[in-house]
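Inside the fold
Here is what each chain is made of, one letter per residue.
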Amino acid sequence: MTTNEKKNVVLIGGGIMSATLGTLIKDLEPNWNVKMFETLESPALESSGPWNNAGTGHSALCELNYTPEDTDGNIDIIKAVNVNEKWQTSLQYWANLVKEGRLSAPEEFIKKVPHLSFVEGKDNVNYLRKRQEILKEHPLFEGMEFSTDPETLKEWMPLMMEGRESFEDIAATYMEKGTDVNFGELTRQLFNNLQHEGVSLNYKHEVLDLKQMDNGKWEVKVKDLNTGSDEFHIADFVFIGAGGGSLPLLQKTKIPESKNIGGFPVSGLFLVAQDEEIVNKHEGKVYGKAKVGAPPMSVPHLDTRYIDGKKSLLFGPFAGFSPKFLKTGSYFDLIGSVKPNNVFTMLASGAKEMPLTKYLISQLMLSDDDRIEELREFVPTAKKEQWETIIAGQRVQVIKDTDKGKGTLMFGTETIVSQDGSVAALLGASPGASTSTDAMIDVLKRAFPEEFIEWQKEIKKMIPSYGKHLGDEKEMYELIDKEVREILKIK
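Figured I'd write up the structure that's included with this text. If you're wondering where the values come from, they're calculated on a predicted model, not measured in any experiment.

Considerations on the environment of Thr 187
Along the chain, the position of Thr 187 falls in helix 6 (residues 183–196). Of the residues examined, Thr 187 reaches a relative accessible area of 0% and is grouped as buried. For Thr 187, the contacting residues outside a window of four places in its chain are Gly 14, Gly 15, Ile 16, Ala 19, Pro 43, Ala 44 and Ser 48. There is a polar contact of 2.6 Å between the side chain of Thr 187 and the backbone oxygen of Phe 183.

Considering empty space enclosed by the protein
Empty pockets left among the atoms are what a rolling probe the size of a water molecule brings to light. With the rule as written, the count across this model stands at two cavities of 30 Å³ or more. Ser 59, Leu 61, Asn 84, Trp 87, Gln 88, Leu 140, Lys 177, Gly 178, Thr 179, Tyr 477 and Arg 485 are the residues that line the largest cavity. Elements with a minimum of two residues in the lining of the largest cavity: helix 2 (78–99) and helix 15 (474–487). In terms of residues, the lining of the largest cavity owes the most to one element, helix 2, which gives three residues. Partitioned by chemical class, the residues of the lining of the largest cavity number four nonpolar, five polar and two charged. What lines the second largest cavity is simply Gly 243, Gly 244, Leu 247, Gly 262, Gly 263, Val 396, Val 398, Leu 427 and Gly 428. Those elements giving two or more residues to the lining of the second largest cavity turn out to be strand 13 (261–273), strand 18 (395–402) and strand 21 (423–428). Its residues assigned to classes, the lining of the second largest cavity shows four nonpolar, five polar and no charged.

Points about a nonpolar patch on the surface
A contiguous nonpolar patch, built from Tyr 331, Phe 332, Ile 335 and Val 338 and spanning about 480 Å² of accessible area, is present on the exposed surface. Examined against the element boundaries, Ile 335 turns out to sit in helix 9 (residues 333–336).

Re helix 15
Its 14 residues place the ends of helix 15 20 Å apart at the C-alpha level, agreeing with the 20 Å of an ideal helix rising 1.5 Å per residue. Restricting attention to buried positions, one finds in helix 15 the residues Tyr 477, Ile 480, Asp 481, Val 484 and Arg 485. For helix 15, the buried positions fall inside an angular range of 125 degrees around the axis, keeping them on one side. Among the exposed residues of helix 15, those oriented more than 90 degrees off its buried face are Glu 475, Leu 479 and Lys 482.

Some words on the pattern of salt bridges
Where charged atoms from two side chains of opposite charge come close, those side chains can pair. Counted by the stated rule, this structure contains 26 salt bridges. Among the ionic pairs, Asp 236 bridges to Lys 217, the shortest N-O distance being 2.9 Å. Linking Asp 236 in the loop between strand 11 (230–235) and strand 12 (237–240) with Lys 217 in the loop between strand 9 (205–212) and strand 10 (218–224), this pair joins segments that are 19 residues apart in sequence. Among the ionic pairs, Arg 485 bridges to Asp 481, the shortest N-O distance being 2.9 Å. Here Arg 485 and its partner Asp 481 are both found in helix 15, four residues apart, which amounts to about one turn of the helix. Judged on exposure class, the residue Arg 485 and its partner Asp 481 are both buried.

Thresholds, definitions, all that
- Residues numbered from 1 in each chain as written.
- Predicted model: local features only at pLDDT ≥ 70, side-chain atom pairs only at ≥ 80, totals over all residues.
- Heavy atoms only, no water.
- Helix = DSSP H or I, 4+ residues; strand = E, 2+ residues; numbered from the N terminus.
- Buried < 20%, exposed > 50% of the residue type's maximum accessible area, 1.4 Å probe, protein only.
- Contact = heavy atoms within 4.5 Å.
- Polar contact = N/O pair within 3.5 Å; in protein donor to acceptor, adjacent residues only side chain to side chain.
- 1 Å grid on protein atoms, 1.4 Å probe; cavity = no way out; pocket = protein on both sides within 12 Å on 5 of 7 lines; lining within 4 Å.
- Points joined across faces, edges and corners; volume = space filled by probe spheres on them.
- Nonpolar A, V, L, I, M, F, W, Y, C, P; charged D, E, K, R; others polar.
- Patch = residues over 30% accessible without salt bridge, like charges linked within 9 Å, V, L, I, M, F, W, Y side chains within 5 Å.
- Areas by Shrake-Rupley, 256 points an atom, 1.4 Å probe, with all protein chains shown as cover.
- Salt bridge = Lys/Arg side-chain N within 4 Å of Asp/Glu carboxyl O.
- Expected span 1.5 Å × (residues − 1).
- Arc of directions from axis to C-beta.

Structure follows, in structure tokens:
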């Protein structure tokens, strides 16, 4: 363990990102003083909550938007491999924490659930066949099956094949190694462990302001919502992991990296079935293809979920619009985030993103009957009375100026770190929680470049593949994968 100067760390937000970063810091620098502040009364009530995300362990086994096809019919798997390798980092880290006794009962936060892709139409079937032929040759995707055979498809997804009138031009791929993750339970376990390790967890504490002092440290103004009093905390390093609330807090820092960045909030709805007769006919996360002109976040999927010991089915997402940046946020969040330094970025995005605007308007106009009709493309026998609508978490899509032009809408996870490494923020959406370990290691690497040189040895003990591309190390991957799955009980 290193003997670097003791630092004070403030984590803002009680979600999976803060929980992961806090745990990594305690691994690497157990003497550092870490405090976490969360506005709500307990952890994981926003984006990390199990009903606020789809619980997919995003590993690109079934998500077709990670394997785009160009106009010449070539399929690019680079992003799929990258996402999967980041997922492997999370799995290895969680397994290490279970082995050390710092995470308990992995079966409460991760389950083995097959991942499938499902398509209709001749062109899509050809695409899926080509995709599987390429991916199955890669060590991380070995074992992926493809079929157009109705009997095989009935075995893989009986509920989706029931009542289907035509079996022409439909296909699926099947990957047994998929998972369902309750990120809320995982977050709670991580924070419980951090409390035992001396981390100060402060719920019902709202961060109001951040000011950098002349000595480079940060003064963090916090309101104790229990008493109504203001507190001031001094930090050497601040991490802003407040989900949709991260952008307004990042803007308060006034660091150069916070300029020319905007956010566009999109709310989500899911249909949920909990009737055992329906739920037990389906076991898998089945992802389809986004409709032409629709954004990647609109990919329809039918998911088996295990939440608090109960199995459910979830279908969606259906997009909605709310100016709130969090489910518990304010209707003034969006307008309040428009600043002189990002107003042109936001306007440029509005002009460029007409397809997204049209998509959101069409989604807002959907009735309950319309949503059931969309569900019937996946589950032909779906009955309205067996499905209820739930509101999922808010996702603030990042808007920034890139080499693709001003006001580019980003559909992923963005990490911002100040030049002096004293403050970092995580913005954006999927793959998000699934790649939390990799994202937080990246924060540490950028925020603490000198210390990180020493930390790498410790990181490699916790994450054996760190620094390597598992796709190029087949034997290593197979050994690690076998051990990790046994420890996490997902073999």
